[in-house]
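Geometric and topological summary
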Amino acid sequence: MRLDHVSKAEACRYMGIRGEADTQINEILDRAEELVRATLCPKYTYRETSLYYYGDELFAEGMSTPLKGSDIKEHLKGCTRAVILASTLSSEADKLIRQAQIRDMTEALAVDALCSSAIEQVCDRAEEEIFRNAQGIYRTTRYSPGYGDFPIDMQKDILSFLDATRRIGLTVTDSSLLVPTKSVTAIIGVSETPVDRVATKCEKCSARQNCAYRRSGTSCS
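Not measured: the values here are computed from a predicted model.

Things to note about the overall build of the protein
- Assigned secondary structure in the protein consists of nine helices and seven strands.
- A burial count over the protein gives 43% of its 221 residues as buried.
- A separation threshold of at least 6 residues defines the contact pool for the protein, and within that pool the share at least 24 residues apart is 75%.
- Working note: accessible area of the protein is about 11800 Å², and carbon and sulfur atoms make up 47% of it.

A look at the nonpolar core
- Core analysis: the biggest nonpolar cluster contains 28 residues, and Leu29, Val36, Leu40, Leu89 and Val111 have the highest contact counts within it.
- Looking at this core, the elements that each hand over two or more residues are helix H1 (8-14), helix H2 (23-39), helix H4 (91-103) and helix H5 (105-130).
- Broken down by element, the residue count for this core peaks at 10 residues, all from H5.
- Here Leu40 is in contact with Arg2, Leu3, Leu89, Glu92, Ala93, Leu96 and Cys115, once residues within four sequence places are set aside.
- Judged by nonpolar contacts, the second largest core, of 25 residues, contains Leu51, Met63, Ile84 and Ile168.

Structural notes on H2
- With 17 residues, H2 extends 24 Å between its outermost C-alpha atoms, agreeing within 8% with the 24 Å of an ideal straight helix rising 1.5 Å per residue.
- Where H2 is concerned, the buried positions are Ile25, Ile28, Leu29, Ala32, Glu33 and Val36. Angularly, the buried residues of H2 cover 135° about the axis, an arc narrow enough to put them on a single face. In H2, those exposed residues whose orientation departs by more than 90 degrees from the buried face are Thr23, Arg31, Glu34 and Ala38.
- Here H2 starts with a cap whose side-chain oxygen sits 3.2 Å from the backbone nitrogen of Gln24, and that cap is Asp22.

As for the sheet that holds strand E4 (residues 138-139)
- Pairing is antiparallel across the open sheet formed by five strands, whose spatial order is E2-E1-E3-E7-E4. The two strands at the open ends of the sheet, each matched to only one other strand, are strand E2 (57-60) and E4.
- With two bridges connecting them, E4 and strand E7 (residues 183-191) associate as antiparallel partners. Within E7, the position partnered with Arg139 by the bridge is Val190.

Things to note about the packing of aromatic side chains
- Under the definition given, this model contains four aromatic pairs.
- Ring geometry for Tyr52 against Phe59: centres 5.5 Å apart, planes inclined by 15°, an arrangement best described as stacked.
- Consider the rings of Tyr143 and Tyr147, whose centres lie 5.4 Å apart with planes at 80°: the pair is edge-to-face. Just as Tyr143 is buried, Tyr147 falls in that class too.

Some words on the side chain of Ser116
- Locating Ser116 in the fold gives a position in helix H5.
- Here Ser116 is in contact with Tyr14 and Lys182, once residues within four sequence places are set aside.

So, the pattern of salt bridges
- In this structure the tally under the stated criterion is 14 salt bridges.
- Linking Arg142 and Glu127 is a salt bridge whose minimum nitrogen-to-oxygen distance equals 2.8 Å. Separated by 15 residues along the polypeptide, Arg142 in the loop between E4 and helix H6 (154-162) and Glu127 in helix H5 bring together distant segments of the chain. Glu127 shares its class with Arg142; the two are buried.
- Within this structure, Glu120, Asp124, Glu127, Arg139 and Arg142 form a network of salt bridges that share partners.

Examining H4
- In this model H4 runs 19 Å from its N-terminal to its C-terminal C-alpha over 13 residues, within 8% of the 18 Å that 1.5 Å per residue would give.
- Within the sequence span of H4, burial applies to Ala93, Asp94, Leu96, Ile97 and Ala100. Buried residues along H4 cover an arc of 160° about the axis, so they all sit on one side.
- Considering only its buried residues, H4 is in contact with H2 and H5.

Calculation rules
- Within each chain, residues carry numbers counting from 1 in the order of the written sequence.
- Local features in this predicted model are restricted to residues of pLDDT 70 or higher, and side-chain atom pairs are both shown and tallied only at a pLDDT of 80 or more, whereas totals for entire chains, interfaces and linings draw on every residue.
- Values shown for side chains rest on all heavy atoms present in the structure; no hydrogens or waters enter the calculation.
- Helix and strand labels come from DSSP, where a helix needs a run of H or I of at least four residues and a strand needs a run of E of at least two; each type is numbered from the N terminus.
- We call a residue buried when its accessible area falls under 20% of the maximum for its residue type, exposed when it is over 50%, and partly exposed in between, using a 1.4 Å probe and counting protein chains only.
- Contacts were defined at the residue level, with two residues in contact if any of their heavy atoms lie within 4.5 Å.
- Areas reported as accessible are Shrake-Rupley estimates using a 1.4 Å probe. Residue values count occlusion only from the protein chains shown.
- For the purposes of this section, nonpolar cores are sets of buried Ala, Val, Leu, Ile, Met, Phe, Trp, Tyr and Cys residues that join through side-chain atoms within 4.5 Å.
- By this rule, a helix spans an expected 1.5 Å times one less than how many residues it contains.
- The directions from the helix axis to the C-beta atoms form the arc being described.
- For the purposes of these results, a polar contact is taken to be a pair of N or O atoms within 3.5 Å, where, inside protein, one atom must be able to donate a hydrogen and its partner to accept one; residues adjacent in sequence count only when each atom of the pair is a side-chain atom.
- Think of it this way: DSSP has to see at least two bridges between two strands before they count as a pair.
- Ring geometry is summarised as follows: Phe, Tyr and Trp rings, the Trp one being its six-membered ring, pair when their centres sit within 6.5 Å, and such pairs are stacked at plane angles under 30 degrees, edge-to-face over 60 and tilted between the two.
- When a carboxyl oxygen of Asp or Glu is within 4 Å of a side-chain nitrogen of Lys or Arg, the pair counts as a salt bridge.

Quick look at the structure:
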């Protein structure tokens, strides 16, 4: 997969810029976006699986541990299947950020923000490709470990389930951080009946009261 473009407006949000960026920042973002697009070759992998309950615990068929937390259960309410997705910008993204940090910290901030924007766009595009020919189904938005009370340590189970290390070079540390860092795992619920795609992640997130994004008038989604 190649990046067609990277949203500089979204990158500005990650940089904490409110309103329009000034000329200097726009010039830095233009150069950084060209570098990011020319260098990175994102990858993704996914599996579709059945969902079932065993007692009060929700499982994805093929995973040995349950999908923990009340938020993921609510998110997948009414879904009988799920698509489990992992995407990465590859280690080249981390390398670009490190190289920019040596040259100029403002440029490094721009590259980092553009990479954050890019991985979300990769997930959007992956989702479009996965569901392009799907007929007669409904799906939820993506939900990732670390949102609400869906624990970050689910990363290890998801990567194992997807064989993501072999397929796309994605690994996880003992503290459940993804490596390369500009990577995402997520679960998308699939249903034969309409599901709630209106409620935002903020409305469903149990961490919303203490969220820095929410206090600044934005969101992490």
